[in-house]
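Letter by letter, the chains look like this.
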Amino acid sequence: MSGSPRARFFCDPLSDEGPGHFLDSCFLCKKPLTGNRDIFMYRGDTPFCSEECRQEQIEMDEAKEKNWKLSLKASPRKEKKAQNQKSNTTSHVRAAGTVVAG
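Residues numbered from 1 in each chain as written. Predicted model: local features only at pLDDT ≥ 70, side-chain atom pairs only at ≥ 80, totals over all residues. Heavy atoms only, no water.

**Notes on the nonpolar core**
- Core analysis: the largest hydrophobic core is formed by eight residues, namely Cys 26, Leu 33, Phe 40, Tyr 42, Phe 48, Cys 49, Cys 53 and Ile 58.
- At the level of elements, β1 (40–42) and α1 (51–96) are the ones that each hand at least two residues to this core.
- Not counting the four nearest positions on each side in its chain, Cys 26 is found in contact with Lys 31, Leu 33, Pro 47, Phe 48, Cys 49 and Cys 53. (Core = buried A, V, L, I, M, F, W, Y, C linked by side-chain atoms within 4.5 Å. Buried < 20%, exposed > 50% of the residue type's maximum accessible area, 1.4 Å probe, protein only. Helix = DSSP H or I, 4+ residues; strand = E, 2+ residues; numbered from the N terminus. Contact = heavy atoms within 4.5 Å.)

Written out as structure tokens, the structure reads:
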């Protein structure tokens, strides 16, 4: 079957030169997704070989998102604490630097 290089079908053999199809292997364990087996998808375009691999990725993503949200929540507190410490230090310096003539 000869056609234009732009037209490809899923069953056409892939060349070793270019990147593979995104459904060639499991996103997590890299196991080949071949034959007539089920492919478990996540977030639209991420393939997995099993429900277990997909669930593991879901849990990793949730943990990463939770940590990200916690860091965003803690970030303003740290800034405010740092600003308070800075202003306290500055006021102490001013008081220590005052000269009283008498």
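**Brief notes about the side chain of Thr 46**
- By the secondary structure assignment, Thr 46 is in strand β2 (residues 46–48).
- Thr 46 sits in the buried class, given a relative accessible area of 15%.
- When neighbours within four sequence positions are excluded, Thr 46 is seen to be in contact with Phe 27, Phe 40 and Met 41.

**A few points about the packing of aromatic side chains**
- Scanning the entire structure with this criterion turns up two aromatic pairs.
- Judged by centre distance (6.0 Å) and plane angle (75°), the rings of Phe 27 and Phe 48 are edge-to-face. One end of the pair, Phe 27, is in the segment before β1; the other, Phe 48, is in strand β2, and 21 residues separate them in sequence.
- Residue Phe 48 is classed as buried on the basis of its relative accessible area, which comes to 0%.
- Centre to centre, the rings of Tyr 42 and Phe 48 are 6.3 Å apart; their planes meet at 55°, and the pair counts as tilted. The same class applies to Tyr 42 as to Phe 48, namely buried.
- Ring pairing ties together the aromatic residues Phe 27, Tyr 42 and Phe 48, which thus form one cluster.
- Lying over the aromatic face of Phe 27, Lys 30 brings its terminal NZ or CZ to 5.2 Å of the ring centre. (Phe/Tyr/Trp six-rings, centres within 6.5 Å; stacked < 30°, edge-to-face > 60°. Lys NZ or Arg CZ within 6 Å of the ring centre and 35° of its normal.)

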